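Per-entry structural report
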Amino acid sequence: MKEMMRAGAVCGVVLGLSLGVPGAVESVTGETGATSFVVGLGAAFGAPALTAMYLLQRKEAGSFGGFAYLANVIGLGLFAGVAFSLNLVLFFLDVTTVPMPTKVAILSCAAVFVLGTILFGISMLKAKVFPKLPVIGYFTALPLLAVFASLPDTVLTSGLHVIGAASVIWLSVVVWRRAAVVSMP
């Protein structure tokens, strides 16, 4: 179990870097094909990172934590597809060519992600396993990124990328450090 948690922690750092570095670059350059590529692929590292966070707090989080994890991992799976599509497909298309059903699907997936992320953030606060500051960053910055995902990038969205990245990396470092001492049945 230690190895799985540590692998998830590494995935969390990769996820954080794939959010934060492009976000910082975009604050100067605006969104580019290269930054979109990194963000789009980085989302694939979210599920292992989230799983490692859940495993660290599962006893303290109880049944609500399990439900919140499930909601967040489903939302993350949906939104990873959206992030991939927005950053690696739609970024290169004229917005007027995107049909309404696609827009509705993107918004629906984002809504599930937002709800799941907020629920999981609440479960982390209640479990008191992680420091409060990165938990608050996690369940505020990441949902706001999803809400603003289809809008043009601004300094605000770049800042949210950096805050979300720092939060995910911090939480992942906590998982890495505590994985060695966690006893699993």
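See the structure shown above.
Residues numbered from 1 in each chain as written. Predicted model: local features only at pLDDT ≥ 70, side-chain atom pairs only at ≥ 80, totals over all residues. Heavy atoms only, no water.

**Structural notes on the overall build of the protein**
The test is simple: Here a helix means four or more residues in a row that DSSP labels H or I, a strand means two or more in a row labelled E, and each is numbered from the N terminus. Contacts: residue pairs with any heavy atoms within 4.5 Å of one another. Only the protein chains shown count as covering a residue, and every accessible area follows the Shrake-Rupley method with a 1.4 Å probe.
Each helix and strand in the protein was counted, giving 6 helices and 0 strands. Reading the secondary structure of the protein in the N-to-C direction produces α-α-α-α-α-α. Seen along its three principal axes, the alpha-carbon backbone of the protein occupies a region of about 55 × 30 × 25 Å. For the protein, the share of sequence-separated contacts (at least 6 apart) that also reach a separation of at least 24 residues comes to 79%. On the protein, roughly 9,000 Å² of surface is accessible, and the fraction owed to carbon and sulfur atoms is 75%.

**With respect to the packing of helix α1 (residues 2–29) against helix α6 (residues 155–179)**
For clarity, the threshold we go by: Helix axes are fitted only over the stretch in contact, all axes being lines through C-alpha atoms; the angle between N-to-C directions runs from 0 to 180 degrees. The scheme is simple: roughly parallel for angles under 35 degrees, roughly antiparallel for over 145, roughly perpendicular for 65 to 115, oblique for anything else. Left-handed describes a crossing whose near helix is turned anticlockwise from the far helix by less than a right angle; the clockwise case is right-handed. Ten residues, namely Ala, Val, Leu, Ile, Met, Phe, Trp, Tyr, Cys and Pro, are considered nonpolar, four, namely Asp, Glu, Lys and Arg, are considered charged, and the remaining ones, Gly among them, are considered polar.
Contact geometry of α1 with α6 gives a least axis separation of 7 Å together with a crossing angle of 160°. When the axis of α1 is compared with that of α6, the two are roughly antiparallel. Of the two elements, α1 crosses α6, and the hand of that crossing is left-handed. Considering only residue class, the contact of α1 with α6 consists of 15 nonpolar, 8 polar and 3 charged.

**A look at the packing of aromatic side chains**
How we decide: Geometry of aromatic contacts follows a simple scheme: Phe, Tyr and Trp rings, the Trp one being its six-membered ring, pair when their centres are within 6.5 Å, and the pair is stacked under 30 degrees between planes, edge-to-face over 60, tilted otherwise. Remark: exposure states derive from per-residue accessible area (1.4 Å probe, protein chains only) relative to the maximum for the residue type, with buried under 20%, exposed over 50%, and partly exposed in between. In this scheme, Lys NZ or Arg CZ marks a charge over a ring once it lies within 6 Å of the ring centre and within 35 degrees of the ring normal.
Summed over the entire model, instances satisfying the criterion amount to 4 aromatic pairs. Ring geometry for Y54 against Y69: centres 4.6 Å apart, planes inclined by 20°, an arrangement best described as stacked. Taken individually, Y54 and Y69 each receive the classification buried, so the pair is uniform in this respect. Each residue in the set Y54, Y69, F120 and Y138 is aromatic and connected to the rest through ring pairs, giving one cluster. For R6, the ring lying beneath its charged end belongs to W176, and the centroid distance is 4.2 Å. Sitting over the ring of F64, K126 keeps its end group 5.1 Å from the ring centre.

**Examining the environment of S167**
Checked against the element boundaries, S167 lands in helix α6. Separated by 151 residues in the primary sequence, S167 and G16 place their C-alpha atoms 7.8 Å from one another.

**Concerning the side chain of S18**
Checked against the element boundaries, S18 lands in helix α1. Each residue touching S18, except ones within four places of it in the same chain, is listed here: V38, V39 and G42.

**Details of unusual backbone geometry**
Positioned with a positive phi, K128 is a non-glycine residue whose angle comes to about 60°. Within the fold, K128 resides in the loop between α4 (100–127) and α5 (132–148). For K128, a relative accessible area of 70% puts it in the exposed group.

**Re the side chain of S172**
The following threshold applies: Each polar contact in these results corresponds to two N or O atoms within 3.5 Å; when the atoms are within protein, one needs to be able to donate a hydrogen and the other to accept it, and residues that are neighboring in sequence are counted only if both atoms are side-chain atoms.
Here S172 lies in helix α6. A distance of 2.8 Å separates a polar atom in the side chain of S172 from the backbone oxygen of V168. Excluding residues that lie within four positions of it along the chain, S172 makes contacts with A9, G12, V13 and M53.

**A look at α4**
Owing to its 3.6 residues per turn, the α-helix aligns residues three or four sequence positions apart on the same side. This is how the line gets drawn: What a helix should span is 1.5 Å times the count of its residues minus one.
With 28 residues, α4 extends 41 Å from end C-alpha to end C-alpha; this agrees with the ideal 40 Å at 1.5 Å per step. Just downstream of α4 lies K128, where phi reads positive at about 60°.

The analysis is restricted to geometry; functional conclusions fall outside its scope.
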